Amino acid sequence: MSEPTPVKKGKENRIGLDKGCYSGAASTLCLGCGHDSITAAIVQAYWDMGVNPYQVAKISGIGCSSKTPAYFLRKSHGFNSVHGRMPSVATGAGLVNKDLHILGVSGDGDSASIGMGQFVHLLRRNINMTYIVENNGTYGLTKGQFSATADVGSKLKGGQPNNLPPVDLCELAIQLDCSFVARGFAGDRKQLITLLKAAHSHQGTALIDVLSPCVTFNDHEGSTKSYNYIRDHYDPIAQADFIPSYDPIEIEHPEGTSHTVTLHDGSKVLLTKIKESYDPSRKAQALSTLERAKDENKIVTGLVYAPHRNEDFATLSNLVDTPLCHLSESELRPSQEVLQSINDSMR
Ligand SMILES: Cc1ncc(C[n+]2csc(CCOP(=O)(O)OP(=O)(O)O)c2C)c(N)n1
Ligand code: SF4
Ligand SMILES: [Mg+2]
């Protein structure tokens, strides 16, 4: 993969690249698919931030959602893996080269069904990455069966209701102390771009569960993952602004009406009060907010949980500063004496 060359004509971002460097192949998804809106938000967010596409690795599983990395960041590294196995490939890539930004893209089927075991352990390990679930409550690619995130009572196109309780990926992630948990909606591009920027600046796993209607198989009357249903039940917890570390940080909101989350690179997320002062570091509040919203038939979006959990898996594993992939063979191979002492310590 060759590094993108800065262009000096037209509109370029702070590293001199135009937006074309952040797009990809033409989408082959159905017209109006929520996943394409997420792609557009990713292009905008990464271009705005001036992320070097060459420093990003896009990893996905299988599904319409997992096809989307072909449609953005054409100059980035990419690996379209096996159904439900994005987390283990992302873990490997992130540990072997900790200088790369890992951007995982998955679906609700990919993460909440076949990949559930991988999803759970990735969050426990706090792998340094952005993890996007493009959640449409259905297996889009295999023509519209219920997925594990479908709500009780939600109906298939043919009218059959789902009678199994849904997996709420955000609640599960909070229980596992995921260090950044957000919910977005493909139809709210502005909020999603803010969440993507904050996720990128976060060190550790940043999960964004994005409600992303499947217009072909799950956008009808009776579905709780349709555009109309989500718009009617939409409830952002707070207005969120992202202030990157390289911008002057001036906060003007009066005391008690806002909450600021400082990210590891010094960037800030400013949550401005809508209904109540929301502190995303409190686990019980985060869980009760999601549960209360369900009782009230609402869908909460925004940065739901961001506890102070400092150490990602690479740090906990005591990795050396140089990315493992840049170490020479002699640096990687322990000497006979070192091997012997390791063996002796285990006797
Ligand atoms: C091991 C394996 N099992 C089953 C499949 C069939 N399959 C392909 S995509 C998919 C579900 C995709 O659903 P989701 O992850 O929600 O993505 P969407 O298409 O809805 O974006 C299934 C079951 C497969 N490709 N591999
Ligand atoms: S089948 Fe559904 S999820 Fe797949 S591309 Fe079409 S609208 Fe999108
Ligand atoms: Mg799906």
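Right above here is the structure, for reference.
These lines cover the structure that appears in this document, whether it is placed above or below. Fair warning: this is a prediction, and the values are worked out from it, not measured in the lab.

### Examining the site of ligand 2
Here comes step 1: By nearness alone, every residue bordering ligand 2 is listed as Leu29, Cys30, Cys33, His35, Cys64, Asn136, Gly140, Leu141, Cys214, Val215, Thr216 and Phe217.
Here comes step 2: Along the lines of polarity and charge, the residues of the shell around ligand 2 split into eight nonpolar, four polar and no charged.

### What about the nonpolar core?
Here comes step 1: Residues Tyr46, Val181, Leu207, Val210, Leu303 and Val304 are the most contacted members of the largest nonpolar core, which totals 77 residues.
Here comes step 2: At eight residues, helix H1 (residues 34-49) tops the list of elements feeding residues into this core.
Here comes step 3: When neighbours within four sequence positions are excluded, Leu303 is seen to be in contact with Ala182, Leu195, Ala198, Ala240, Val261, Val269, Leu271 and Pro280.
Here comes step 4: In terms of nonpolar packing, the next biggest core, distinct from the first, is built from five residues, Leu29, Cys33, Cys214 and Phe217 among them.

### What to know about the site of ligand 1
Here comes step 1: Taken together, the neighbourhood of ligand 1 is formed by 18 residues, with Gly63, Ser65, Gly107, Gly109 and Gly140 sitting nearest.
Here comes step 2: Of all the elements in the fold, those that place two or more residues in the shell around ligand 1 are helix H2 (64-67), helix H4 (108-114) and strand S5 (138-139).
Here comes step 3: Here the shell around ligand 1 gets four residues from one element, more than from any other, and that element is H4.

### Quick word on the packing of helix H3 (residues 86-96) against helix H5 (residues 116-125)
Here comes step 1: At a minimum axis distance of 8 Å, the contact between H3 and H5 shows a crossing angle of 35°. Residue-level inspection shows Pro87, Ser88 and Thr91 of H3 in contact with H5, the latter providing Gln118, Phe119 and Leu122.
Here comes step 2: For the contact of H3 with H5, a count of residues per class yields three nonpolar, three polar and no charged.

### Details of the pairing of strand S13 (residues 299-305)
Here comes step 1: In terms of burial, S13 is largely enclosed, as seven of its seven residues are buried.
Here comes step 2: In this sheet, S13 lies alongside strand S7 (residues 180-185) in antiparallel orientation, the contact comprising three bridges. Among the inter-strand pairings, Val181 is bridged to a residue of S13, identified as Tyr305.
Here comes step 3: As judged from the three bridges shared by strand S9 (residues 234-236) and S13, these two strands associate in the parallel manner. Within S13, the residue paired with Pro236 across the bridge is Thr301.

Cut-offs and rules
Residues numbered from 1 in each chain as written. Chains lettered and ligands numbered in written order. Predicted model: local features only at pLDDT ≥ 70, side-chain atom pairs only at ≥ 80, totals over all residues. Near = placed C-beta within 6 Å. Nonpolar A, V, L, I, M, F, W, Y, C, P; charged D, E, K, R; others polar. Core = buried A, V, L, I, M, F, W, Y, C linked by C-beta atoms within 7 Å. Buried ≥ 20, exposed ≤ 12 C-beta atoms within 10 Å, placed from the backbone. Helix = DSSP H or I, 4+ residues; strand = E, 2+ residues; numbered from the N terminus. Contact = placed C-beta atoms within 7 Å. Axes fitted to C-alpha atoms, helices over the stretch in contact; angles between N-to-C directions. Pairing = 2+ DSSP bridges.

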